[in-house]
Amino acid sequence: MLSARSLFQEIVDSDETFQLFCSIAASGETQGGWENGRIATLVPESMRELAPRITRHGADEDKHGRLFNALLKKRRLDPVPVPPETDYTMLLEQRGIGLAHEKLRRDERLTEHDIVVYLSHSRVTEQRAADQMEMLVKHFGDHPELGKAIRMISDDEANHLAYCHEELLRLAAAGHGRTIQRVLRESALAEIRVYRDVSLAVMAHMGHLLRWPKAKSAALAAGIHALYAYERLGGWRRMVGLRMPERRGALDGPATPAPAF
Ligand SMILES: [Fe+2]
Ligand SMILES: [Fe+2]
């Protein structure tokens, strides 16, 4: 039977697929950490009060990168190169979503508009991250090898999402509402396509490593296309709504350490 649980179980059970999964995850998290770190450094003077929260966001993502690398190390595996077609962050950047790395590498202050774009983009990608981690916790929250790390990451992703809602609502009230709505919509529609393409690419690699029969790979690909159709038809709207979160000030204070790793 094909279920998210059985699929992920197969990926975890084989060293080769686990190695690829953790390498892709670690690389995405580390890129997110770097981006947030740069944005915190370049935040405009008028939005200075946001900088500590952006720094904290970056510190959390760096920590997630270390957690995935620690999971590899525990199994005495090294990270493997990430195939470009599975690089979610890079593909989003190529579609012009979020802030370009080239811009972040420069030592020029960002504008208020840049920060509005960054937060809107994050609201969409953090929704994906939070949903995925919630799914992993549901099935593997008690797993002896992975449970602790994924529960910790899931809790952080929920914080990141809450923070995006809270800050965007504040910026909308300050007059950025139209830009926010436009960027949220553009980001969500681009993200669901990138997510589909990356899912297909990851599953193709996993299927190859696990020698899945053609029918199984075809069924999985059909599932990924069906999810995209659902998201394209209206599922994407869950990524663009804004409501005040129960957790306020979710990123105030330093990142929670991960001593066990
Ligand atoms: Fe993360
Ligand atoms: Fe996050």
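Since this is a predicted model, take the numbers as computed values, not measurements. (Residues numbered from 1 in each chain as written. Chains lettered and ligands numbered in written order. Predicted model: local features only at pLDDT ≥ 70, side-chain atom pairs only at ≥ 80, totals over all residues. Heavy atoms only, no water.)

1. Section: the overall build of the protein
Part 1: The helix and strand tally for the protein stands at eight helices and zero strands.
Part 2: What you see for the protein is a C-alpha radius of gyration of 18 Å, in line with the 18 Å of a compact globule of 261 residues.
Part 3: Projected onto its principal axes, the C-alpha coordinates of the protein cover approximately 55 × 45 × 35 Å.
Part 4: In the protein, the proportion of contacts linking residues at least 24 apart, taken out of those at least 6 apart, comes to 84%. (Helix = DSSP H or I, 4+ residues; strand = E, 2+ residues; numbered from the N terminus. Rg over C-alpha atoms; globule rule 2.2 N^0.38 Å. Contact = heavy atoms within 4.5 Å.)

2. A look at the coordination of the iron ion (ligand 1)
Part 1: Around the iron ion (ligand 1), the protein contributes the donor atoms E29 (OE), E61 (OE), H64 (ND1) and E157 (OE), which lie 2.0 to 2.3 Å from the metal centre.
Part 2: Here the donor residues of the iron ion (ligand 1) are spaced in sequence according to E-x31-E-x2-H-x92-E.
Part 3: The distance between the iron ion (ligand 1) and the iron ion (ligand 2) comes to 3.6 Å, with E61 serving as a donor to both metals. One end of the pair, E61, and the other, H64, are both in helix α3 (residues 51–74), three residues apart, so they sit about a helical turn from each other. The same class applies to E61 and to H64, which are both buried. (Donors = N, O, S within 2.8 Å, 3.2 Å for Na, K, Ca; no water. Buried < 20%, exposed > 50% of the residue type's maximum accessible area, 1.4 Å probe, protein only.)

3. Concerning the coordination of the iron ion (ligand 2)
Put simply, a metal with four donors set out as a tetrahedron has ideal angles of 109.5 degrees, and one with six donors set out as an octahedron has ideal angles of 90 or 180 degrees.
Part 1: Bound to the iron ion (ligand 2) are the protein donor atoms E61 (OE), E126 (OE), E126 (OE), E157 (OE) and H160 (ND1), situated 2.0 to 2.7 Å from the metal.
Part 2: Between consecutive donor residues of the iron ion (ligand 2), the sequence gaps follow E-x64-E-x30-E-x2-H.

4. Here's the deal with unusual backbone geometry
Part 1: In this structure, R76 takes a positive phi of about 55 degrees despite not being glycine.
Part 2: Among the secondary structure elements, R76 is positioned in the loop between α3 and α4 (88–94).
Part 3: Residue classification places R76 among the exposed positions, given a relative accessible area of 79%.
Part 4: For R211, which is not glycine, the phi torsion reads 50 degrees and is therefore positive.
Part 5: Note that R211 resides in the loop between α7 (147–209) and α8 (214–233).

5. A word on the side chain of E61
Part 1: In this structure E61 is buried but unpaired, with K63 as the nearest side chain of opposite charge at 9.2 Å.
Part 2: In this structure, E61 is in contact with E29, T30, G32, G33, N36, E126, E157 and H160, ignoring residues within four places of it in sequence. (Lys, Arg positive; Asp, Glu negative; His and termini not counted. Salt bridge = Lys/Arg side-chain N within 4 Å of Asp/Glu carboxyl O.)

6. Let's talk about the nonpolar core
Part 1: Core analysis: the biggest nonpolar cluster contains 32 residues, and I39, I54, I115, Y118, L119 and Y163 have the highest contact counts within it.
Part 2: Elements that contribute at least two residues to this core include exactly α2 (15–42), α3, α6 (112–140) and α7.
Part 3: Examining the composition of this core, we find that 10 residues originate from one element, α7, more than from any other.
Part 4: Aside from chain neighbours lying at most four places away, what touches I54 is N36, I39, A40, V43, Y118 and Y163.
Part 5: Ranked by size, the runner-up nonpolar core spans 20 residues in total, among them V12, A25, F68 and I150. (Core = buried A, V, L, I, M, F, W, Y, C linked by side-chain atoms within 4.5 Å.)

7. Observations regarding the layout of surface pockets
Part 1: Approximately 330 Å³ is the volume found for the second largest pocket.
Part 2: Every residue lining the second largest pocket is counted, 16 residues in all, and those nearest its centre are A130, A158, L161, A162 and R243.
Part 3: At the level of elements, α6 and α7 are the ones that each hand at least two residues to the lining of the second largest pocket.
Part 4: When its residues are assigned to classes, the lining of the second largest pocket shows five nonpolar, four polar and seven charged. (1 Å grid on protein atoms, 1.4 Å probe; cavity = no way out; pocket = protein on both sides within 12 Å on 5 of 7 lines; lining within 4 Å. Points joined across faces, edges and corners; volume = space filled by probe spheres on them. Nonpolar A, V, L, I, M, F, W, Y, C, P; charged D, E, K, R; others polar.)

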